[in-house]
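# Overview (structure and organization)
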Amino acid sequence: RMQNSRSKPCSCPSLKLREVASMYFTMVAAFLVILVVALQGSAPRQSDFPYKVLLDPQGLLELSWNVSYPEQAVHFQLLIRELQFGLLFGMSDRGEFENADLAVLWSDGHNSYFGDAWSDAKGQLHMDSQQDYRLLGARRAPEGLYLLFRRAFSTCDPKDYLIEDGTVHLIYGILEKPVRSLQAINISALHGGLQRVQLLKPNISIPELPSDMKTMEITAPDVVIPSQETTYWCYMAELPEGFPKHHIIMYEPVVTAGNEALVHHMEVFQCAARFDSFPHYNGPCDSKMKPERLNYCRHVLAAWAMGAQAFYYPEEAGLAFGGPGSSRYLRLEIHYHNPLVFKGRRDSSGIRLYYTATLRPYDAGIMELGLVYTPVMAIPPGEDSFTLTGYCTDKCTQLALPAAGIRIFASQLHTHLAGRKVVTVLSRDGRERQVVNADRHYSPHFQEIRMLKEVVAVFPGDELITTCTYNTEDRSRATVGGFGILEEMCVNYVHYYPQTQLELCKSAVDPGYLHRYFNLVNRFNDEEICMCPQVSVPQQFYSIPWNTFNRDVLKSLYGFAPISMHCNKSSAVRFP
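What you see is a predicted model; the values in this text were computed from it and never measured.

### Some details on the overall build of the protein chain
- Helices and strands together make up the secondary structure of the protein chain, namely 6 helices and 36 strands.
- Scored against the burial criterion, the 576 residues of the protein chain give a buried share of 55%.
- A fraction of 77% describes how many contacts in the protein chain between residues 6 or more apart in sequence connect residues 24 or more apart.
- With an accessible surface of roughly 25900 Å², the protein chain has 51% of that area assigned to carbon and sulfur atoms.

Structure, rendered in structure tokens:
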């Protein structure tokens, strides 16, 4: 860490950061300046960088990348459409500019420099003594400047971010004026922001698609995007009358040109088959005008989030839709993220389903793992990382899974606003065998169905354990489990085949034991709190004084108390 060596008394004249930068980057800087000035090259081939996302809402910064698992490295290509005096690009735990790991391109008005830097807890920039963002090249093209650089997943540098599976918070900042040195860059004055992506895409081979494949687009009907930061838009679509059973075998996003930075995520849900019809609707999902019945359209057929590619089903399975016992009605939900509050933008984005009438050997199924939606699972206020765990027990899988087991090939993690990490592990004979899906930088604002790197086989008698970590530092009262956005959830929707009757395998603490906890709190507390049965569980949680004792006892209660198990069929009937 260079600032240590600078702070020690030393007989040699202290090096200015500018000179240090020059020493590090004489070659790079010369190379970059020459390239920036002289090169009128062609853009790199699209196929070299298969993944792409716009970093900023105006679309001036376009990041493309590829992942090399043999080299354990990511290669980035950053297109800067209107280069001013440089750029910061990097990663941090949750998208903050403090304690971030950064690649910086800057100019003092004469020369340009590129280097690996880090920011401290106050947001001050420092040159990294170990240079791990390696510049591979720069080239000018008619559309802007391309920067190519490489970064290993793990660098063993304590100042660097560890690139791992799951969500990565990318940050960027644009330098609008020349700067004397790296240290002179004032992060708080930058025009910057964050973008979430899954950097480490699974390296899976794309299955061959059948010749009789058809497509269907479920898209918004030329909607005017509301001029506000966040909108969830709902649109009802329907399948043709008498549409027979088909298998969905892949889907991909359809995003209206020019709106790539505004369409944040999209989902297609199928409605409940028990209703003969659903009303037409096209409007905000939270509007008072939205018909109540649309709340019964919750069965996910497809989900896409920014930066995601097409989703493929494994070649032996497809997601069934159409035919008897399946609703004709579908609900498209689009999350528009419009922080610059553009007015009058029109949008016809949505999802393109690829389906076939030649059914594959297996129907794919979706199973819910984690915690039951109930207020008995709660998080005290002011916690920086409080964990809750939901179990799919051996008894349930023994009863409900076929002898040959099931194969999990994809997963979608879900919490509400306090969720920070979600991990599901497979346990067999009392020992953890394998991670099914882990996101240690999970964000509730970035939920996509992710194909797993390898299929996970689950057999009768196995357990699936899902743990969620929450942060409630900004809350003054307890957060209970439930459906409201300020209540919490802990769910992993796993996509698997062959489909079974088991649709939900979740747990919660035994309510009787929670009642004993309330009695204990009451006994140790000075003020009289009514912990009587007629008061609701949320009310009892809200009236607890959250001292260390009450927090620790709740933690240990969740750790050791018996659980109430929900092992449910799709009709919400439980397995005995």
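### Concerning the environment of Ala237
- Residue position: Ala237 is located in strand 14 (residues 230–238).
- On the basis of relative accessibility, which here comes to 15%, the residue Ala237 falls in the buried class.
- For the pair Ala237 and Arg328, spaced 91 residues apart in sequence, the C-alpha to C-alpha distance is 8.6 Å.
- Filtering out sequence-adjacent residues up to four positions away, Ala237 remains in contact with Ile218, Arg328, Tyr329 and Leu330.

### Comments concerning the state of the cysteines
- Tallied over the entire structure, the rule returns 5 disulfides.
- One disulfide bridge connects Cys271 with Cys297, the sulfur atoms lying 2.1 Å from each other. Here the disulfide of Cys271 and Cys297 is right-handed, its torsion about the S-S bond being about 95°. Pair noted here: Cys271 is in the loop between strand 16 (263–270) and strand 17 (282–284) and Cys297 is in the loop between strand 17 and strand 18 (299–305), with a separation of 26 residues, a long-range link.
- The side chain of Cys392 participates in a disulfide bridge whose partner is Cys505; the two sulfur atoms lie 2.0 Å from each other.

### Thoughts on helix 4 (residues 511–524)
- Across its 14 residues, helix 4 extends 20 Å between first and last C-alpha, which sits within 8% of the 20 Å expected from 1.5 Å per residue.
- Looking only at helix 4, the buried set comprises Leu514, Tyr517, Phe518, Val521 and Asn522. Around the axis of helix 4, the buried residues are gathered within 140° of arc, so they sit on the same side. Turned more than 90 degrees from where helix 4 packs its buried face, Arg516, Arg523 and Phe524 sit exposed.
- The inward-facing, buried residues of helix 4 abut strand 35 (502–509), helix 5 (537–542) and helix 6 (548–560).

### Some words on the layout of surface pockets
- Roughly 650 Å³ of volume is contained in the second largest pocket.
- Together, 31 residues line the second largest pocket, and Pro202, Ile204, Ala310, Tyr312 and Met451 are the ones closest to its centre.
- For the lining of the second largest pocket, the secondary-structure elements that each account for two or more residues are strand 15 (246–254), strand 18, strand 19 (311–312) and strand 31 (450–458).
- By residue number, the principal contributor to the lining of the second largest pocket is strand 31, which donates 6 residues.
- Grouping the constituent residues of the lining of the second largest pocket by class yields 20 nonpolar, 3 polar and 8 charged.
- Structurally, the lining of the second largest pocket is a two-domain feature, drawing no fewer than three residues from each of domain 2 (204–360) and domain 3 (364–512 + 564–575).

### Remarks on the sheet that holds strand 16
- Reading across the sheet, the 5 strands line up as 17-14-21-16-18 and stay open at both edges, with antiparallel pairing between neighbours. A strand with exactly one partner marks an edge of an open sheet, and here the two such strands are strand 17 and strand 18. Between one strand axis and the next, the sheet turns through 15° on average, direction left out of account.
- Sheet topology note: the strand 14/strand 21 (residues 329–337) ladder contains 9 bridges and is antiparallel. Its bridge partner lying in strand 21, Trp233 is registered against Ile334.

### Brief notes about the sheet that holds strand 28 (residues 406–414)
- Spatially, 31-28-34-25-35-36 is the arrangement adopted by the 6 strands of the open sheet, whose pairing is mixed. A strand with exactly one partner marks an edge of an open sheet, and here the two such strands are strand 31 and strand 36 (563–569). If you compare each strand with its neighbour and ignore which way they point, the axes differ by 25° on average.

### A word on the pattern of salt bridges
- According to the stated counting rule, one finds 17 salt bridges in the structure shown.
- A salt bridge links Arg346 to Asp222, with the nearest nitrogen and oxygen atoms 3.0 Å apart. Here Arg346 is found in strand 22 (residues 346–347), whereas its partner Asp222 is found in the loop between strand 12 (214–219) and strand 13 (223–224), with 124 residues between them in sequence.
- A relative accessible area of 47% means that Arg346 is categorised as partly exposed.
- Note on Asp222: relative accessible area 40%, which makes it partly exposed.

### Focus on a nonpolar patch on the surface
- A cluster of nonpolar side chains, contributed by Leu417, Ile485 and Leu486, occupies part of the molecular surface with about 290 Å² of accessible area.
- Relative to the elements of secondary structure, Leu417 occurs in the loop between strand 28 and strand 29 (419–428).
- Residue classification places Leu417 among the partly exposed residues on the basis of a relative accessible area of 33%.

Definitions and limits used
Residues numbered from 1 in each chain as written. Predicted model: local features only at pLDDT ≥ 70, side-chain atom pairs only at ≥ 80, totals over all residues. Heavy atoms only, no water. Helix = DSSP H or I, 4+ residues; strand = E, 2+ residues; numbered from the N terminus. Buried < 20%, exposed > 50% of the residue type's maximum accessible area, 1.4 Å probe, protein only. Contact = heavy atoms within 4.5 Å. Areas by Shrake-Rupley, 256 points an atom, 1.4 Å probe, with all protein chains shown as cover. Disulfide = S-S within 2.5 Å. Expected span 1.5 Å × (residues − 1). Arc of directions from axis to C-beta. 1 Å grid on protein atoms, 1.4 Å probe; cavity = no way out; pocket = protein on both sides within 12 Å on 5 of 7 lines; lining within 4 Å. Points joined across faces, edges and corners; volume = space filled by probe spheres on them. Nonpolar A, V, L, I, M, F, W, Y, C, P; charged D, E, K, R; others polar. Domains from an automatic or database assignment. Pairing = 2+ DSSP bridges. Axes fitted to C-alpha atoms, helices over the stretch in contact; angles between N-to-C directions. Salt bridge = Lys/Arg side-chain N within 4 Å of Asp/Glu carboxyl O. Patch = residues over 30% accessible without salt bridge, like charges linked within 9 Å, V, L, I, M, F, W, Y side chains within 5 Å.

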